[in-house]
Amino acid sequence: MLQYNRMKMVAQQGIRGDSASSIAASVEAAIREGRLGAGAPLPTVRELARALRLSPTTVAAAYRWLRVRGLVLAQGRRGTRVSPRPPLPAPSLAPAPPHLRDLSLGNPDPTFLPSLRRALASASRRPGLYGEPTNRPALLALAARRLEADELPRGSLAVVGGALDGIERVLQAHLRAGDRVAVEDPGYVAVFDLLAALGLVPEAVALDVTGPVPDDLARALRAGVAAFILTPRAQNPTGAALDAARVRELRRVLGRHPDVLVVEDDHAGPVAGAPGLSVCHGRARWALVQSVSKSLGPDLRLAILAGDPTTVARVEGRQSVGTGWVSHLLQDLVLALWSDPATEARLRRAAETYAVRRDGLLGALAAHGIAAQGCSGLNVWVPVLEEAAVVAALAQEGWAVRAGERYRLRAGSAVRVTTSALAPQEAERVAAALARSLRPESRRASA
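Residues numbered from 1 in each chain as written. Predicted model: local features only at pLDDT ≥ 70, side-chain atom pairs only at ≥ 80, totals over all residues. Heavy atoms only, no water.

Participant: Sorry, what's going on with the packing of aromatic side chains here?
Facilitator: Centre-to-centre distance and the angle between the planes together describe a pair of aromatic rings. Scanning the model with the defined rule gives three aromatic pairs in all. Ring geometry for Tyr130 against Trp325: centres 6.0 Å apart, planes inclined by 80°, an arrangement best described as edge-to-face. Separated by 195 residues along the polypeptide, Tyr130 in the loop between α5 (117–122) and α6 (137–149) and Trp325 in the loop between α11 (309–320) and α12 (328–339) bring together distant segments of the chain. By relative accessible area, Trp325 is classed as partly exposed at 31%. Here Trp381 and Tyr407 contribute two aromatic rings whose centre-to-centre distance is 6.2 Å and whose plane-to-plane angle is 75°, an arrangement assigned as edge-to-face. One end of the pair, Trp381, is in strand β12 (residues 379–383); the other, Tyr407, is in the loop between β14 (402–403) and β15 (414–418), and 26 residues separate them in sequence. Overall, Tyr407 belongs to the buried group, its relative accessible area being 7%. (Phe/Tyr/Trp six-rings, centres within 6.5 Å; stacked < 30°, edge-to-face > 60°. Helix = DSSP H or I, 4+ residues; strand = E, 2+ residues; numbered from the N terminus. Buried < 20%, exposed > 50% of the residue type's maximum accessible area, 1.4 Å probe, protein only.)

Participant: I keep staring at the packing of helix α7 (residues 163–174) against α11 and nothing clicks. Help me out?
Facilitator: Packed helices, taken two at a time, are described by their axes: the angle between them and the distance between them. Remark: α7 packs on α11, axes separated minimally by 9 Å, with the N-to-C direction vectors making an angle of 105°. With respect to α11, the element α7 is oriented roughly perpendicular. Where α7 abuts α11, its residues Arg169, Val170, Ala173 and His174 lie against Thr311, Arg314, Val315, Arg318 and Gln319. For the contact of α7 with α11, the residue count by class is three nonpolar, three polar and three charged. (Axes fitted to C-alpha atoms, helices over the stretch in contact; angles between N-to-C directions. Parallel < 35°, antiparallel > 145°, perpendicular 65-115°, else oblique. Contact = heavy atoms within 4.5 Å. Nonpolar A, V, L, I, M, F, W, Y, C, P; charged D, E, K, R; others polar.)

Participant: So what exactly am I meant to see when it comes to the side chain of Lys294 here?
Facilitator: Following the sequence through the fold, Lys294 ends up in the loop between β10 (286–291) and β11 (303–307). Despite its burial, Lys294 remains without a salt bridge, the nearest opposite charge being carried by Asp265 at 7.9 Å. (Lys, Arg positive; Asp, Glu negative; His and termini not counted. Salt bridge = Lys/Arg side-chain N within 4 Å of Asp/Glu carboxyl O.)

Participant: What is the right way to read the pairing of β15 from this model?
Facilitator: Burial of β15 is extensive: five of the five residues sit out of reach of the surface. Residues Ala414, Arg416 and Thr418 line one face of β15 and the alternating positions Val415 and Val417 line the opposite face, and both faces are buried. Of the pairings in the sheet, the one linking β12 to β15 comprises five bridges and is antiparallel in character. Within β15, the residue paired with Pro383 across the bridge is Ala414. Note that β14 and β15 share two bridges and pair antiparallel. (Pairing = 2+ DSSP bridges.)

Participant: Before we go on, may I ask you to explain the pairing of β11 in this structure?
Facilitator: Consecutive side chains of a regular strand alternate in pointing toward one face of the sheet and then the other. Most of β11 is tucked away: five of the five residues are buried. Burial along β11 is two-sided: the residues Ala303, Leu305 and Gly307 and Ile304 and Ala306 are all buried. Both strand β4 (residues 156–160) and β11 contribute to a ladder of five bridges, which runs antiparallel. Its bridge partner being in β11, Leu157 is matched across the sheet by Ala306. Alignment of β10 against β11, held across five bridges, turns out to be antiparallel. By the bridge assignment, Gln290 is partnered in β11 with Ile304.

Just distances and angles here, no functional claims.
Written as C-alpha cells, this is what we have:
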C-alpha cells in the first residue's frame, strides 16, 4: 500500500524526466508551484526509478543535485523530503491589511531614519568609472574608527551589499555544501534560508537573554560544525544581547575549536540599545558584518565587512568577478551620513526611543503575567502555546504580529512583536489583547 501511494504521488505531483537534470527540474517545478509542500516526502530512489523506468543511479544523481541546491533533505529512515525552507522565489512579506496596526515586519521607525536630501547634495556628482578603487578609502577609514571606538575587532575591511550579502560571501569563501553551521535558535529566517540555498546544514544552538547558551554551543562544536553565526545584539527575533560574562564564556568554548569560522551579524549597530561586544578577538577565521539597514535605512544596501585577511581577500576576489563593487553612490551616501553630527544625534535618540518602546511593552506584558524577551533591538518575543491562534486573535482586535514558526528549529512556539514604532499608549492595548488571546491556552494547559 505504501509503495502504491508513493507511485500515485509521483503521478499527482508531476515528477518526470529521462535524465537526472530533467527529474530535478520537475521536482523543483513541483515545489515552486506548490504541488510539493515543505517537508513533503519524495519517493525512494528505487521507487522513482521503477516508476520512470530509469536506473537508480540516474535518480540518485537527481536527488543529489536537489540536496546541493538546498531543495530537499536526506533524513535517513525518514527518506528524502522537501526542505522546510526551499530556496525558491516566494511572495515578499506584504504589509498587514490597512485596518490592522502592523507590528509584524521588523522595520525601523521611519521617523528616525536620516533624510537623504542633504547627503545626496554633498555626495560626489562625478560619474564613477571602471578602474577606480572598489571601496571608498574615506568610508573604510571612518568605518575603522567606528569599530575601534566600540572596541570591536577591525582586521581587514571591505564593503558588501548588506548583511546577508556579506554573510553569504563569507560562508562561500570557506564552506562547501554539506558542511554544518551552528545557528541561533530561535534565529533569523533569512539566515536559515541562506544556509538551505547554499546546501549547508543548520545545527541549532539554544538562546537565552544574553545570547547563545555556552553548553549548547559546545555540543554543536563537538558535533563537527564548520562555522558559527551569531548576532551579538538586537538578535532577531528575541532581542538577546551578549554581555561581558557571556562573551568570556563563549570565547572559552570557541577557543577549543580554533579552526571554526565565526560570523557575527551586527545588523542593528548603533540603534541596538546594547554595547558592541564580540567573540572574534584573536580568532584565525572570523568576520563581523555591520549593516546600515536598521540605522540609516533598509534601502541603503550596504554593510561593512571586517575579518581576517584571508577571509576578506576571498570575499573581495569573488566580488571582483561578479558584481565588481557596491555602488560608489551608496558608499558616498553612507560616508556623508556618518560624517554628519546630526546623524549621530538622531541615532542616539533612536536607540533611546526604541528601548523605551520595547520596555513599555515588556512592562505591560509583565503586568498581565506574560513573560517575554527583548533586552535590545526592535522586537519582543512572546512564548505562546499556539502561534496561529494567537496571531488570529490579535488580528481580530486590530493588531498584526508575526508567528514564530519560521524563526524556530527546535525552540518553543512564540510570536514576534515589532516595537520600533509602538507608541507608549498602544503597549497596554497590545498586552491586554495578548492576555485575552492566551486565556484559552491557559485553560488547555491546566486541563
